[in-house]
Amino acid sequence: GDEEHSGRRVLLKLSGEAFGGGAVGLDPDVVKGIARQIAAAHRTGVQIAVVMGGGNFFRGAQLQQRGMERARADYMGMLGTVMNCLALQDFLEKEGVDTRVQTAITMGQVAEPYIPRKAIRHLEKGRVVIFGAGAGMPYFSTDTVSAQRALEIKCDQVLMSKHGVDGVYTADPRTDDGAVKLDELTFSEALSGNLRVVDAAAFSLCMDNELPMLVFGMDDEDAITRAITGERIGTMVTA
Ligand code: UDP
């Protein structure tokens, strides 16, 4: 509907890897489940913007290792995020949620261009805004873009969902048995500890602008709904 949404405003980063369900491409059942969770949270009146990842299609750095020019490979990565955006849009609309996709690379037939003031207006009208194509710039990641978009459209929090890990650990839990999960830490602790579950550039943007970041695992049941509605799952990172 067109009723005003006046609750808190969050930026949700969705990992592209999760959309693939463990393979290259898209698993519609996974996207449907994620859309259901976002719709449930949306019904409580939270304004939700999404930055979509694209690791299920292409990662520029990996294509570079296989011989491609980095910038071109990064553009392929950005285009991959747009396919995820359209899939998420489809399943959100099936859940009865109004949506708009805005892309950092203009493609008028499939999405609006990124216009921050218009994005804010959509959110106020209760639409979920899905941002695609990252920053439109090679050498950036969708984590970093999440922090940037959250700042520009004035979100209260950035919610970094992660696939395969449920928060920030003292070391990489996949390789270090002694790794312990942290309930909270500061951005400077994350940076000095080289805790790379989120990009350093994203941590540092949030630190400089005092934007709180929740890092949480999207694999747990209802984790996305819980994070959007303000439950403190995962790890809270603050300035
Ligand atoms: N990318 C980019 N600039 C951006 C955002 C993304 O070049 O502003 C490219 C980059 O190659 C990246 C790929 O798009 O590897 C997919 O994004 P990301 O790896 O952040 O997706 P996720 O890991 O969240 O699925």
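What you see is a predicted model; the values in this text were computed from it and never measured.

Calculation criteria
- Residues numbered from 1 in each chain as written.
- Predicted model: local features only at pLDDT ≥ 70, side-chain atom pairs only at ≥ 80, totals over all residues.
- Near = placed C-beta within 6 Å.
- Helix = DSSP H or I, 4+ residues; strand = E, 2+ residues; numbered from the N terminus.
- Nonpolar A, V, L, I, M, F, W, Y, C, P; charged D, E, K, R; others polar.
- UniProt positions renumbered as here; feature names shortened; annotations may be inferred.
- Buried ≥ 20, exposed ≤ 12 C-beta atoms within 10 Å, placed from the backbone.
- Core = buried A, V, L, I, M, F, W, Y, C linked by C-beta atoms within 7 Å.
- Contact = placed C-beta atoms within 7 Å.
- Pairing = 2+ DSSP bridges.
- Axes fitted to C-alpha atoms, helices over the stretch in contact; angles between N-to-C directions.
- Parallel < 35°, antiparallel > 145°, perpendicular 65-115°, else oblique.
- Left-handed = near helix turned anticlockwise from the far one by under 90°.
- pLDDT = per-residue confidence, 0-100.

What follows is about the site of the ligand. Close contacts around the ligand come from 20 residues, with Gly-53, Gly-55, Gly-60, Gly-77 and Gly-134 the closest. Element by element, the count of residues in the shell around the ligand is highest for helix H4 (residues 70-94), at four residues. Across the shell around the ligand, the residue classes break down as six nonpolar, eleven polar and three charged.

Once that is clear, we can look at the UniProt feature "binding site: ATP" (unreviewed entry) in the chain. UniProt records the feature "binding site: ATP" (unreviewed entry) at Lys-13, Leu-14, Ser-15, Gly-16, Gly-55, Arg-59, Tyr-169 and Asp-172, using the numbering of this structure. Across 160 residues, the annotated set is spatially dispersed, with a maximum C-alpha separation of 24.0 Å. Relative to the elements of secondary structure, Lys-13 occurs in strand S1 (residues 9-14). Overall, the presence of 29 C-beta atoms within 10 Å leaves Lys-13 in the buried class.

UniProt's entry tags residues 19-216 with the feature "domain: Aspartate/glutamate/uridylate kinase" (unreviewed entry), counted in the numbering of this structure. In the segment residues 19-216, helix accounts for 42% and strand for 16%; the C-alpha atoms at its two ends are 16 Å apart.

All right, on to the nonpolar core then. Membership of the largest hydrophobic core comes to 66 residues, with the highest contact counts inside it found for Ile-48, Ala-49, Val-50, Leu-88, Val-158 and Leu-159. For this core, the leading source of residues is H4, giving seven residues. Setting aside residues no more than four positions away along its own chain, Ala-49 makes contact with Leu-11, Ala-119, Leu-123, Val-129, Phe-131, Arg-149, Ile-153 and Cys-155.

If you trace the nine strands from one edge of the open sheet to the other, you get S4-S3-S5-S2-S1-S6-S8-S9-S7, paired in mixed fashion. Edge positions in the open sheet fall to strand S4 (112-113) and strand S7 (184-186), since each of these has one partner strand only. Relative to strand S5 (residues 128-132), strand S3 (residues 99-103) runs parallel, the two sharing five bridges. Each residue of the ladder has a partner; that of Gln-102, found in S5, is Phe-131. Packed on one face of the sheet, helix H2 (residues 28-42) meets S1, strand S2 (47-52) and S5 and runs near 155 degrees to S2.

Before going further, it helps to spend a moment on the packing of H2 against H4. Packing of H2 against H4 leaves a shortest axis separation of 8 Å and a crossing angle of 55 degrees. As judged from the angle between their axes, H2 and H4 are oblique. In the packing of H2 onto H4, the handedness of the crossing is right-handed. Listed contacts from H4 to Pro-28, Val-31, Lys-32, Ala-35, Ile-38 and Ala-39 of H2 are Ala-87, Leu-88, Phe-91 and Leu-92. The residue makeup of the contact of H2 with H4, split by class, is nine nonpolar, no polar and one charged.

Our next topic: the confidence of the model for the chain. Counting all residues, the mean pLDDT for the chain is 95, and 98% of those residues have values of 70 or more. Two numbers describe this predicted complex: its pTM, 0.96, and its ipTM, 0.98.

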